[in-house]
Amino acid sequence: MLAARLPVCVLLLSAAAATVANTPPSQLLGLGTHSSKANKFVVGFMKNRAGVPDGRLRLMVSTEESGGATFTVSYDTSVCASNTGAGSHSVNQYSTTVVDLCPELRTLTYAAADRDKGVLVQAEGNKTISVYGENTKTASSDAFLALPSVEYTCPGEYTYIFTSTTNPDTASGKLLSSFLLVAWEADTTININVKSSAVRIFPPSDIREGPFFTNAVDGKLDFNINLKSQLSTFYYSDQNGNGNEDIDLSGSFVTSNKPLSVYAGHQCGRFPTDISFCDSLVEQVPPTLTYGQLFLGVPLDRGSSNLNQHYTVVVSQDNTLVNFTCSKNGIISKEETKTVNTGGKEVFSSDFDEYCCIESSGPASVIQFARGAGIVQSVGDPFMVIVPPVEQYSNRYTVRSIDLEAYRGDIQTDITLTSYINLAFHESFLNSGVITVDGVEQQTDSFSAIRSSSGSIIGYGKSVDITAGGFDTDYNLLNTAPFSALVYAWHRQMSAGFPAGFGLDPIALPSIYFDSA
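Residues numbered from 1 in each chain as written. Predicted model: local features only at pLDDT ≥ 70, side-chain atom pairs only at ≥ 80, totals over all residues. Heavy atoms only, no water.

What to know about the overall build of the chain
Okay, step 1: Of regular secondary structure, the chain possesses one helix and 34 strands.
Okay, step 2: Counting the 517 residues in the chain, one finds 61% classified as buried.
Okay, step 3: Sequence-distant contacts in the chain: of pairs separated by 6 or more residues, those separated by 24 or more amount to 81%.
Okay, step 4: Accessible surface, the chain as shown: approximately 17,700 Å² in total, 50% of it carbon and sulfur. (Helix = DSSP H or I, 4+ residues; strand = E, 2+ residues; numbered from the N terminus. Buried < 20%, exposed > 50% of the residue type's maximum accessible area, 1.4 Å probe, protein only. Contact = heavy atoms within 4.5 Å. Areas by Shrake-Rupley, 256 points an atom, 1.4 Å probe, with all protein chains shown as cover.)

Below is the structure:
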């Protein structure tokens, strides 16, 4: 457990966060300093189902810089003899460059041989890029938005909370909830607090610091590690065959003295757990200082195979009140309120045609889970995608649709790849411009109204079918006002999704002092 808590840092961030958190979203455009568009990224890839180094790892790098950008990709080339993807690359303005990496860069264990698999992506000069990762195998895929390191005004601790699910099916071996840490800097000390001792690991002595103990009261594991070099990785899951497939690591957290790249998900998770078919799940986790309090949920479109929606909420303060309000045809159809504590999670579900508002009394993170299709409706499998808070919306994104064709579950001609982009914006921007997708205006009357717990319209959302544009295709999303965009794709027994981008400003009150003692 990290000893220092830096009260001066807490006071400074509290004052700044209180100002931003109480600012109406209509005044937030242009206020942000940090976002997922940056100059430098440290990326990692988790285990995808079995540990065999097959399938595909890819980086998708875009830019909005005039004249484009040049960027380099580097990693420990002893991991991959072919040096696939390492070196210099270029990307044109408003377009994407795809960089294939060798599958051996997946981190599969916490062992020393699996310790240095981070990937550094850096643009030349002061130019900014956006980076997305894809981790694909046959019938198992997901993607993520890579997040840059942010050095906030006051240095101190960075806390990251995980969201995941479970997979109770052991027919093909244990497939477990997991997380991956990648060091941005040498000598990064990390306190790891896992909410259940059912997944038993013993980190090697060369990185473990201090005692390793289990809290007898609540079963938590609590231990420290030190990643001694940049790009060092630490993967937490079933290492010794002692893992419990029923364990969900949601609500577990890590706290570090330096910024980290933190990934959470599942080797092949189910959602809900009683639905057949699992899929690789992953998102890069933002620090709790960037959490928001207002979220707009747009249903994931599956064409004729639409299924119920699911949102998972984790929070950084105890006794956080979360309101979940959904609308159909602009009329409130569902209302639910729950109290959420740190170390736990709450799942809210909605019908496939409901547009939802999530309001939190404290800093929160929301993940939208695609529902497993099962045997009857075999289009798609689960994926997880961050729903950005309204406070962290941006007004421009350059993204690429995902190609799952080569890794579909089987050859079945009646099922083809479909791709979508979900859009949402706050109601205060209703008359502040029109969102365009590759120059095509998305007229406001084509959006569905989203109502808040007060009954008033809080925002609007819609799903845009981009299937006709093909896969591995660039899309430019633009408006004068901020909005959110989620990109996703379905195929036979597989799917993938990721947010187009979001802000990383410290708008949230600091996390409570997590104390596992």
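Quick notes on the sheet that holds strand 1 (residues 40-43)
Okay, step 1: Pairing is antiparallel across the open sheet formed by four strands, whose spatial order is 1-8-4-5. The open sheet is flanked by strand 1 and strand 5 (87-91), the only strands paired with a single partner. This sheet shows a mean twist of 20° between the axes of neighbouring strands, independent of strand direction.
Okay, step 2: Sheet topology note: the strand 1/strand 8 (residues 119-123) ladder contains four bridges and is antiparallel. Across the sheet, residue Val42 finds its bridge partner in strand 8, namely Leu120. (Pairing = 2+ DSSP bridges. Axes fitted to C-alpha atoms, helices over the stretch in contact; angles between N-to-C directions.)

Thoughts on the packing of aromatic side chains
Okay, step 1: This model, assessed by the stated rule, comprises 13 aromatic pairs.
Okay, step 2: With 4.9 Å between their ring centres and 5° between their planes, Phe179 and Tyr236 make a pair best called stacked. Of the two residues, Phe179 is situated in strand 12 (residues 177-183) and Tyr236 in strand 16 (residues 233-236); the sequence distance between them amounts to 57 residues.
Okay, step 3: Between Phe383 and Tyr488 the ring centres are 6.0 Å apart and the planes differ by 35°, which places this aromatic pair in the tilted class. (Phe/Tyr/Trp six-rings, centres within 6.5 Å; stacked < 30°, edge-to-face > 60°.)

Thoughts on the pattern of salt bridges
Okay, step 1: In the structure shown here, the tally under the stated rule is 14 salt bridges.
Okay, step 2: Between Lys37 and Glu64 there is a salt bridge, with the nearest N and O atoms lying 2.7 Å from each other. In this pair, Lys37 is assigned in the loop between helix 1 (7-21) and strand 1 and Glu64 in the loop between strand 3 (56-63) and strand 4 (69-74), connecting sequence segments 27 residues apart.
Okay, step 3: Given the relative accessible area of 24%, Lys37 is considered partly exposed.
Okay, step 4: One salt-bridge network, in which partners are shared between bridges, spans Arg56, Arg58, Glu134, Arg400, Asp472 and Asp474. (Salt bridge = Lys/Arg side-chain N within 4 Å of Asp/Glu carboxyl O.)

Some thoughts on the state of the cysteines
What we call a disulfide is simply a covalent bond connecting the sulfur atoms of a pair of cysteines.
Okay, step 1: For the coordinates displayed, the defined rule picks out two disulfides.
Okay, step 2: Linked covalently through their sulfurs, Cys80 and Cys102 form a disulfide whose S-S length is 2.4 Å. Taken together, the positions of Cys80 in the loop between strand 4 and strand 5 and Cys102 in the loop between strand 6 (95-101) and strand 7 (106-107) put the pair 22 residues apart, joining distant regions of the chain. No difference in accessibility class separates Cys80 from Cys102, as the two residues are buried.
Okay, step 3: Across the disulfide from Cys326 sits Cys356; the S-S distance is 2.1 Å. Looking along the S-S bond of the Cys326-Cys356 disulfide, the torsion reads about 105°, which is the right-handed sense. Of this pair, Cys326 sits in strand 22 (residues 320-328) while Cys356 sits in strand 25 (residues 355-369), placing them 30 residues apart in sequence.
Okay, step 4: Residue class for Cys326 comes out buried when judged on its relative accessible area of 0%. (Disulfide = S-S within 2.5 Å.)

With respect to the nonpolar core
Okay, step 1: Phe179, Ile192, Phe234 and Val254 are the most contacted members of the largest nonpolar core, which totals 65 residues.
Okay, step 2: Formed by 34 residues, the second largest nonpolar core is a distinct cluster that contains Phe41, Val73, Ala123 and Phe144. (Core = buried A, V, L, I, M, F, W, Y, C linked by side-chain atoms within 4.5 Å.)

Concerning unusual backbone geometry
Okay, step 1: Despite not being glycine, Asp438 has its phi angle at roughly 55°, a positive value.
Okay, step 2: Residue Asp438 is classed as partly exposed on the basis of its relative accessible area, which comes to 40%.
Okay, step 3: A positive phi angle, near 55°, is found at Asp472, a position not held by glycine.
Okay, step 4: Mapped onto the secondary structure, Asp472 falls in the loop between strand 32 (457-465) and strand 33 (474-491).

Here's the deal with the environment of Gly85
Okay, step 1: Along the chain, Gly85 turns up in the loop between strand 4 and strand 5.
Okay, step 2: Classification of Gly85 by relative accessible area gives buried; the value is 15%.
Okay, step 3: When the C-alpha atoms of Gly85 and Arg58 are compared, they prove to be 8.9 Å apart, with 27 residues separating the residues in sequence.

Focus on the environment of Asn431
Okay, step 1: Along the chain, Asn431 turns up in the loop between strand 28 (418-426) and strand 29 (436-437).
Okay, step 2: Overall, Asn431 belongs to the exposed group, its relative accessible area being 75%.
Okay, step 3: Between the C-alpha atom of Asn431 and that of Ala481, which follows or precedes it by 50 residues, the distance is 9.4 Å.

Looking at the sheet that holds strand 3
Okay, step 1: Reading across from one edge, 6-3-9-10 is the order of the four strands in this open sheet, with antiparallel pairing throughout. Edge strands, defined here as strands with exactly one partner in the open sheet, are strand 6 and strand 10 (140-145). Across this sheet, the average inter-strand angle for adjacent strands is 20°, counted without regard to direction.
Okay, step 2: Both strand 9 (residues 130-137) and strand 10 contribute to a ladder of six bridges, which runs antiparallel. Among the inter-strand pairings, Asn135 is bridged to a residue of strand 10, identified as Asp142.

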